[in-house]
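# Secondary and tertiary structure notes
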Amino acid sequence: QVQLVESGGGLVQAGASLRLACAASGRTFSDYGMAWFRQAPGKEREFVAHISWSGGSTYYADSAKGRFTISRDNGKSTLYLQMTSLTPEDTADYYCAAAKPDLFSGLYHVARAYDYWGQGTQVTVSS
């Protein structure tokens, strides 16, 4: 199995940027399709972005398009989420998730389709 540890969250003002990281260990990172989800207080976990095992294909939720960028460094076994133009609506706990084999595109947004999850990192955006 693979272990995932997120970092990079924090408290920022609206309009700021943050870069989240998800460090993987235990198995070959490049075997996994990876994704970011988020969960705001009182809400269901929400898909943010997916990246293929190679990094060659990415897919975003509408809420993330144009503001967030998902990337990965397989040599460092690390997944990233660069977030810009943050708004209070982006406040949530952010989780990375791994799937092996990688998912069909129709399942990218389905949380239960992923095999492994990190513990989350909190992002708070103040107005």
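The structure under discussion appears in the preceding block.
Residues numbered from 1 in each chain as written. Predicted model: local features only at pLDDT ≥ 70, side-chain atom pairs only at ≥ 80, totals over all residues. Heavy atoms only, no water.

### A look at the overall build of the protein
Along the protein, the regular secondary structure elements total 0 helices and 11 strands. For the protein, the succession of helices and strands along the chain, N to C, is β-β-β-β-β-β-β-β-β-β-β. Relative to the compact-globule value of 14 Å for 127 residues, the protein shows a C-alpha radius of gyration of 13 Å, a close match. If one aligns the C-alpha atoms of the protein with their principal axes, the spans along those axes are about 40 × 30 × 25 Å. Nonlocal contacts in the protein, meaning residues at least 24 apart in sequence, comprise 58% of its contacts between residues at least 6 apart. Of note, the protein has its 11 positive side-chain charges centred 3 Å away from the centre of its 11 negative side-chain charges. (Helix = DSSP H or I, 4+ residues; strand = E, 2+ residues; numbered from the N terminus. Rg over C-alpha atoms; globule rule 2.2 N^0.38 Å. Contact = heavy atoms within 4.5 Å. Lys, Arg positive; Asp, Glu negative; His and termini not counted. Charge placed at Lys NZ, Arg CZ, Asp CG, Glu CD.)

### Brief notes about the pattern of salt bridges
Taken as a whole and judged by the stated rule, the model has 5 salt bridges. Linking D90 and R38 is a salt bridge whose minimum nitrogen-to-oxygen distance equals 2.9 Å. Separated by 52 residues along the polypeptide, D90 in the loop between strand 8 (78-83) and strand 9 (92-99) and R38 in strand 4 (residues 33-39) bring together distant segments of the chain. Just as D90 is buried, R38 falls in that class too. Residue D62 pairs with K65 through a salt bridge whose shortest N-O separation is 3.2 Å. Look at K65 and you get partly exposed, because its relative accessible area is 48%. Look at the salt bridges and you will find they share partners, linking R38, E46, R67 and D90 into a network. (Salt bridge = Lys/Arg side-chain N within 4 Å of Asp/Glu carboxyl O. Buried < 20%, exposed > 50% of the residue type's maximum accessible area, 1.4 Å probe, protein only.)

### So, the sheet that holds strand 1 (residues 3-7)
Spatial ordering of the open sheet is given by 1-3-8-7, a layout of 4 strands whose pairing is antiparallel. Single-partner strands in this sheet number two, and they are strand 1 and strand 7 (68-73). Pairs of neighbouring strands in the sheet enclose a mean axial angle of 15°, with direction left out of account. (Pairing = 2+ DSSP bridges. Axes fitted to C-alpha atoms, helices over the stretch in contact; angles between N-to-C directions.)

### Notes on unusual backbone geometry
Looking along the chain, the bond that leaves K100 and enters P101 is cis, with omega of -5°. Residue placement: P101 occurs in the loop between strand 9 and strand 10 (116-117). For S77, which is not glycine, the phi dihedral falls at a positive 55°. Mapped onto the fold, S77 is located in the loop between strand 7 and strand 8. For S85, which is not glycine, the phi dihedral falls at a positive 50°.

### Some words on the state of the cysteines
For the coordinates displayed, the defined rule picks out 1 disulfide. Sulfur-sulfur distance for the disulfide between C22 and C96 comes to 2.1 Å. An S-S torsion of about 60° defines the bridge between C22 and C96 as right-handed. Note that C22 is positioned in strand 3 (residues 18-25) and C96 in strand 9, a separation of 74 residues in sequence. For the pair shown, C22 and C96 are each scored as buried. (Disulfide = S-S within 2.5 Å.)

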